[in-house]
Amino acid sequence: MSDLNQRTVKKTINFSGIGLHSGKLVKLNIRPSAPNTGIIFKRVDISKENLIFPSFQNVTNTSLNTTISNEQGVKVSTIEHLMGALIVLGIDNALIEIDNEEIPILDGSAKDFVEKITYTGFEISSEPIKIIKINKRVEFIEGERKISIEPSKLSLDIDFQLKYENQLIGNQRNKINLYKDKMNDILNSRTFCLFEDIEKIKKCGLAKGGSLENAIVVKDEKILNKEKLRNDKEFVNHKILDCLGDLYTSGFRMVASVKCSQGGHYLTNQLLRKVFKSKENFSIIEIKERNLPHNIINRSLLKSIA
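K.L.:
When you look at the layout of surface pockets in this model, what are you seeing that I'm missing?
P.N.:
A water-sized probe, rolled over the atoms, reveals where empty space remains. In this structure, the largest pocket occupies an estimated 1100 Å³ of space. Around the largest pocket, the lining is made up of 40 residues, and of these Leu 64, Tyr 164, Phe 192, Cys 193 and Ile 201 lie nearest the centre. Within the residue set of the lining of the largest pocket, elements represented by two or more residues are α1 (80–89), β14 (156–163), β16 (192–194), α4 (198–203), α5 (234–247) and α6 (265–275). Per-element accounting of the lining of the largest pocket gives the leading share, four residues, to α4. Broken down by class, the residue content of the lining of the largest pocket amounts to 16 nonpolar, 15 polar and nine charged.

K.L.:
I would appreciate a short explanation of the sheet that holds strand β18 (residues 222–223) in the present structure.
P.N.:
Strand-to-strand pairing in sheets goes through backbone hydrogen bonds, with the strands running parallel or antiparallel. In spatial order, the strands read β16-β17-β18; together these three strands make up an open sheet with mixed pairing. Pairing within the sheet leaves two strands with one partner each, and these edge strands are β16 and β18. Here strand β17 (residues 216–219) pairs with β18 via two bridges, running antiparallel. By the bridge assignment for β18, Val 218 is matched with Ile 223.

K.L.:
How should I be thinking about helix α2 (residues 111–120) in this particular structure?
P.N.:
An α-helix turns once every 3.6 residues. As a result, residues three or four positions apart point the same way. Burial in α2 covers these residues: Phe 113, Val 114, Ile 117 and Thr 120. Looking straight down α2, one finds its buried side chains confined to an arc of 140°; they lie on one side. Looking at the buried side of α2, the elements it contacts are β1 (5–9), β2 (13–18), β3 (25–31), α1, β10 (122–128) and α3 (184–188). Directly after α2, the chain includes Gly 121, whose backbone phi takes a positive value near 100°.

K.L.:
Mind showing me how you'd approach the environment of Lys 11 here?
P.N.:
Here Lys 11 is to be found in the loop between β1 and β2. Spatially, the C-alpha atoms of Lys 11 and Glu 123 are 8.4 Å apart, while their sequence positions differ by 112 residues. In this structure Lys 11 touches Ile 30, Pro 32 and Thr 120, once residues within four positions along its chain are discounted.

K.L.:
I keep staring at empty space enclosed by the protein and nothing clicks. Help me out?
P.N.:
Using the criterion set out here, one finds three cavities of 30 Å³ or more in the structure. As for the largest cavity, its lining consists of Phe 160, Lys 239, Asp 242, Cys 243, Asp 246, Gly 263, Gly 264, His 265 and Thr 268. Element by element, the count of residues in the lining of the largest cavity is highest for α5, at four residues. In terms of residue class, the lining of the largest cavity is made up of two nonpolar, four polar and three charged.

K.L.:
What am I meant to see in the pattern of salt bridges here?
P.N.:
Note that side chains of opposite charge can pair when their charged atoms are close. Scanning the entire structure with this criterion turns up 15 salt bridges. A salt bridge links Glu 150 to Arg 137; its shortest N-O distance comes to 3.2 Å. Linking Glu 150 in strand β13 (residues 145–150) with Arg 137 in the loop between β11 (130–134) and β12 (138–142), this pair joins segments that are 13 residues apart in sequence. The exposure class assigned to Glu 150 is partly exposed, which follows from its relative accessible area of 26%. Look at the salt bridges and you will find they share partners, linking Asp 107, Arg 190, Glu 227, Arg 230 and Glu 234 into a network.

K.L.:
Quick question: what am I supposed to make of the confidence of the model for the protein here?
P.N.:
Detailed reading of the predicted coordinates is not advisable wherever pLDDT is low. Per-residue pLDDT for the protein averages 93, and the proportion of residues at 70 or more is 93%. Segment residues 290–306 is flagged for pLDDT under 50; beyond a separation of four residues in sequence, or across chains, it makes 38 contacts in the model.

K.L.:
Looking at this structure, how should I read the environment of Tyr 248?
P.N.:
Looking at the secondary structure, you find Tyr 248 in the loop between α5 and β19 (253–261). Ignoring sequence-local partners within four residues, the contact set of Tyr 248 consists of Ile 39, Pro 54, Met 83, Leu 86, Ile 87, Ile 91, Asp 92 and Arg 253. Polar side-chain contacts of Tyr 248 include one of 2.6 Å to the backbone oxygen of Ile 91.

K.L.:
Just to check I follow, could you spell out the packing of aromatic side chains for this structure?
P.N.:
Two numbers describe a pair of aromatic rings. These are the distance of the centres and the angle of the planes. What the rule picks out here adds up to six aromatic pairs. Relative to Tyr 266, the ring of Phe 140 lies with its centre 6.0 Å away and its plane at 75°, an arrangement referred to as edge-to-face. Of the two residues, Phe 140 sits in strand β12 while Tyr 266 sits in helix α6, which places them 126 residues apart along the sequence. For Tyr 266, a relative accessible area of 30% puts it in the partly exposed group. Directly above the aromatic system of Phe 122 lies the positively charged group of Arg 7, at a separation of 4.4 Å from the ring centroid. If you follow Lys 116 out to its NZ or CZ, it ends over the ring of Phe 15, 5.0 Å from the centre.

Calculation rules
- Residues numbered from 1 in each chain as written.
- Predicted model: local features only at pLDDT ≥ 70, side-chain atom pairs only at ≥ 80, totals over all residues.
- Heavy atoms only, no water.
- 1 Å grid on protein atoms, 1.4 Å probe; cavity = no way out; pocket = protein on both sides within 12 Å on 5 of 7 lines; lining within 4 Å.
- Points joined across faces, edges and corners; volume = space filled by probe spheres on them.
- Helix = DSSP H or I, 4+ residues; strand = E, 2+ residues; numbered from the N terminus.
- Nonpolar A, V, L, I, M, F, W, Y, C, P; charged D, E, K, R; others polar.
- Pairing = 2+ DSSP bridges.
- Buried < 20%, exposed > 50% of the residue type's maximum accessible area, 1.4 Å probe, protein only.
- Arc of directions from axis to C-beta.
- Contact = heavy atoms within 4.5 Å.
- Salt bridge = Lys/Arg side-chain N within 4 Å of Asp/Glu carboxyl O.
- pLDDT = per-residue confidence, 0-100.
- Polar contact = N/O pair within 3.5 Å; in protein donor to acceptor, adjacent residues only side chain to side chain.
- Phe/Tyr/Trp six-rings, centres within 6.5 Å; stacked < 30°, edge-to-face > 60°.
- Lys NZ or Arg CZ within 6 Å of the ring centre and 35° of its normal.

Right, here's the structure in full:
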């Protein structure tokens, strides 16, 4: 077996915590799942029609989080940090049971998900992984905000830029290669907000579970949290984490180059919708060579299945 075979978690992993926006306590289990089943969410507090697939087509809200819903209106919100952890760890298949409507925010990053999953270990199957290969450049623009995706031979690169008037956050930019770079700074980076935006967010019925324990709060040129920044680019690194999680709603890992300026959940979702409108934009491929290193995607060893 190799890293190019589909993997799931070795055994059931339990989490509990509060929902960032709902403020509700929630329990979550990540269970092993068979090859080719993908990631599936199951609302165990609902007795029927309780399965939700984390597809970009099922995304029903992108305001300060990513929410997915099934045809019956059953939803799970704030999936992006968990989905980011799963794509970085190469988890292809898992059943995620949740007893409420929102994924627990934990410390505001993907760190706790990654640590517990890694400690538990992985079950690697004999089935080859499937990857989405982008064939043509696609772009989505809204005012000054824009995001694009284009072909890449070997990697999933994300080049992300933030532009904030707040001087502490300012203009931050970072670029990562998912399959080659160490991802610790991305996975450990927490969600954040400006102090002056908190009241407005709460008036919208959001951030009921928000606190300095699960979000960085910036007031003028000061961070209000006792724990200061975990890395120099924590703000933009968290946006990259969100982007990775949202890209995984495509259903598979990717070989592509993504560039984003001032983006977020909405832009990434709109980009995916635009990409998958035409079969000319992408191919779904599986890797047949078991001994190929996981960070080398050799095109001669790929067999199209789409």
